[in-house]
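# Close look at the chain arrangement
Letter by letter, the chains look like this.
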Amino acid sequence: MIVCNVSLSCAHCPGEGTAANDAYAQASGSLATPTLSQRGHLVVAVCLGFIGTVGFLSNFLVLALFCRYRALRTPMNLMLVSISASDLLVSVLGTPFSFAASTQGRWLIGRAGCVWYGFVNACLGIVSLISLAVLSYERYCTMVSSTIASNRDYRPVLGGICFSWFYSLAWTVPPLLGWSRYGPEGPGTTCSVDWRTQTPNNISYIVCLFTFCLLLPFFVILYSYGKLLHTIRQVRRVSSTVTRRREHRVLVMVVAMVVCYLICWLPYGVTALLATFGPPNLLTPEATITPSLLAKFSTVINPFIYIFMNKQFYRCFRAFLNCSTPKRDSTVRTFTRISLRALRQDQQQKGSALAPSSARPTPNSIHESSLKGSHSTPSNGGAAAAKSPAANRSKPKLILVAHYRE
């Protein structure tokens with residue numbers, strides 16, 4: 001993703017010859033003075049150490065649970081695992097190097113290492129955000145589909161995962177080829193995209209990256225979950241209690257994941273735009289490193305959302321700690337599978353029984369007639385007939401929403 005970068009010039013260097021300046025010279029081809037105090041670098045190192053350790057352990061746990069328990073191997077969870085895998089790679093390939101640099105107060109692995117670090121972290125960050133957008137759209141399309149979602153059809157999800165990774169590569173490779181560049185960040189202990197050099201070449205890349213890798217996925221997420229929430233609210237009165245709670249729980253989990261991710265990444269994008277279009281010395285080193293830490297903290301938040309807000313993952317997590325077999329949630333899954341089938345069979349039977357009395361039966365007329373015939377008194381029959389239009393308008397929507405299987 002867009003990260004705070006320092007474009008340095010020898011004209012602004014008050015001195016040369018220190019180890020920190022030599023490290024900058026290797027990383028960006030120019031010199032600079034340290035911009036954080038020793039205590040500041042220590043605080044950043046502690047934060048990065050916590051983020052790297054907890055992020056690695058939690059994401060590794062998510063992958064281990066997915067491999068250990070077959071109940072978790074569903075299309076929706078596969079997309080969550082892709083996000084967790086990208087976060088785990090950040091904890092392995094990125095955070096240790098910035099942690100080591102913060103302990104020493106300077107970049108340690110030279111210019112090639114700086115370019116490699118910036119490319120890897122930018123690519124993995126965009127993968128996570130695009131995956132969230134794909135997840136939201138896939139979830140919306142599944143729940144408004146007229147058929148029951150297959151629990152074994154991985155093709156749409158695999159296509160979405162491949163799209164996320166190739167889309168990210170398409171936007172992170174250009175700096176390696178001359179459209180912008182990767183270089184040192186803020187206090188000089190991390191590296192990323194150079195977004196402080198105010199040249200047409202660099203500004204055009206930053207604007208495109210901000211538009212297509214932050215704003216566009218954000219609007220896809222808002223649209224998908226907005227439409228999904230609207231659909232769920234329409235069937236709240238007629239859906240079963242078990243199914244309604246289940247759908248509400250899944251929705252809360254995914255929305256919480258998206259909100260937390262945007263809280264971590266939105267300051268990053270805003271800081272990048274301020275540095276790109278604002279005065280040269282608008283942002284202090286503390287103001288540039290804080291959004292970077294928030295963005296890396298997203299690798300810690302996501303796994304906890306999976307484990308503690310996803311009932312499947314949480315059940316398997318408890319079984320993993322107790323060395324036992326998780327209880328299968330067969331009640332809800334069987335209910336959602338059978339109820340739709342029973343509803344269709346009931347409608348077909350009633351329709352075939354009442355077909356001789358009407359030349360052109362419609363679903364509404366069949367449902368009204370069945371309700372009238374199921375009551376013995378005229379008053380009850382009239383009440384059922386009065387309520388049948390509202391029921392007929394809502395039940396098709398109930399089928400579309402309430403029968404998605406995780």
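Residues numbered from 1 in each chain as written. Predicted model: local features only at pLDDT ≥ 70, side-chain atom pairs only at ≥ 80, totals over all residues. Heavy atoms only, no water.

The backbone of S180 sits at a positive phi, close to 65 degrees, despite the residue not being glycine. Residue position: S180 is located in the loop between α7 (174-177) and β1 (182-185). (Helix = DSSP H or I, 4+ residues; strand = E, 2+ residues; numbered from the N terminus.)

We now examine the UniProt feature "transmembrane region" (unreviewed entry) in the protein chain. As recorded in UniProt, the feature "transmembrane region" (unreviewed entry) lies at residues 42-66, 78-103, 115-137, 157-177, 203-229, 250-268 and 288-308. Its end C-alpha atoms 36 Å apart, residues 42-66 is made of 100% helix and 0% strand. Along residues 78-103 the backbone is 96% helical and 0% strand, and the end-to-end C-alpha distance reaches 37 Å. (UniProt positions renumbered as here; feature names shortened; annotations may be inferred.)

What follows covers the state of the cysteines. Under the criterion given, the structure shown has one disulfide. Covalent S-S linkage joins C114 and C191, the inter-sulfur distance amounting to 2.0 Å. Disulfide C114-C191: the torsion about the S-S bond is -115 degrees, which places it as left-handed. With C114 in helix α5 (residues 110-143) and C191 in strand β2 (residues 190-193), the pair connects residues that are 77 residues apart, well separated along the chain. (Disulfide = S-S within 2.5 Å.)

This next bit is on the pattern of salt bridges. One pass over the full model with this rule turns up one salt bridge. Its salt-bridge partner being R181, residue D194 comes within 3.0 Å of it at the nearest N-O pair. Of this pair, D194 sits in the loop between β2 and α8 (200-234) while R181 sits in the loop between α7 and β1, and the two are 13 residues apart along the sequence. Among the residues examined, D194 registers a relative accessible area of 2% and is labelled buried. (Salt bridge = Lys/Arg side-chain N within 4 Å of Asp/Glu carboxyl O. Buried < 20%, exposed > 50% of the residue type's maximum accessible area, 1.4 Å probe, protein only.)

Before going further, it helps to spend a moment on the confidence of the model for the protein chain. If pLDDT is low for a region, its predicted coordinates should not be looked at in detail. Residue-level pLDDT values for the protein chain average 74, and 67% of them are 70 or greater. Segment residues 330-344: pLDDT under 50, and 20 contacts once partners within four positions in sequence are set aside and those in other chains are kept. Taken together, the stretch residues 354-392 has pLDDT below 50 and engages in 23 contacts with residues farther than four places along the chain or on a different chain. (pLDDT = per-residue confidence, 0-100. Contact = heavy atoms within 4.5 Å.)

Where β1 lies against β2, four bridges are found, and the strand directions are antiparallel. Bridging across to β2, Y182 finds its partner in V193. A loop of four residues connects β1 with β2, the two strands running antiparallel in sequence, and G186 in this loop sits at a positive phi of about 30 degrees. (Pairing = 2+ DSSP bridges.)

Relative to the helices and strands, S84 resides in helix α3 (residues 75-93). Here S84 falls in the buried class, since its relative accessible area comes to 0%. Dropping the residues within four chain positions of it, S84 is found in contact with N59, V62, L63 and Y306.

Right, let's get into the packing of α3 against helix α4 (residues 95-104). Two numbers describe how α3 lies on α4: the axes approach to 4 Å, and their chain directions differ by 35 degrees. Contacts from V90, S91, V92 and L93 of α3 reach α4 at T95, P96 and F97. A breakdown of the residues in the contact of α3 with α4 according to their chemical character gives five nonpolar, two polar and no charged. (Axes fitted to C-alpha atoms, helices over the stretch in contact; angles between N-to-C directions. Nonpolar A, V, L, I, M, F, W, Y, C, P; charged D, E, K, R; others polar.)

Let's shift gears to the environment of P280. Tracing the backbone through its elements, the reader meets P280 in the loop between α9 (241-277) and α10 (285-309). The sequence separation of P280 and R196 amounts to 84 residues, and the corresponding C-alpha distance is 7.7 Å.

So, on to a nonpolar patch on the surface. Together, F56, L57, F60 and V92 make up an exposed nonpolar region whose accessible area comes to about 370 Å². Per element, the largest residue contribution to the nonpolar patch is three residues, and it comes from helix α2 (residues 38-68). Tracing the backbone shows L57 in helix α2. (Patch = residues over 30% accessible without salt bridge, like charges linked within 9 Å, V, L, I, M, F, W, Y side chains within 5 Å. Areas by Shrake-Rupley, 256 points an atom, 1.4 Å probe, with all protein chains shown as cover.)

Our next topic: the packing of aromatic side chains. A complete count under the given rule lists eleven aromatic pairs for this structure. Ring geometry for W107 against Y117: centres 5.3 Å apart, planes inclined by 75 degrees, an arrangement best described as edge-to-face. Linking W107 in the loop between α4 and α5 with Y117 in helix α5, this pair joins segments that are ten residues apart in sequence. Both rings, one in Y140 and one in Y223, keep their centres 6.1 Å apart while their planes meet at 70 degrees; by these two values the pair is edge-to-face. Taken together, the residues Y140 in helix α5 and Y223 in helix α8 connect sequence positions 83 residues apart. You can call Y223 partly exposed: its relative accessible area is 48%. (Phe/Tyr/Trp six-rings, centres within 6.5 Å; stacked < 30°, edge-to-face > 60°.)

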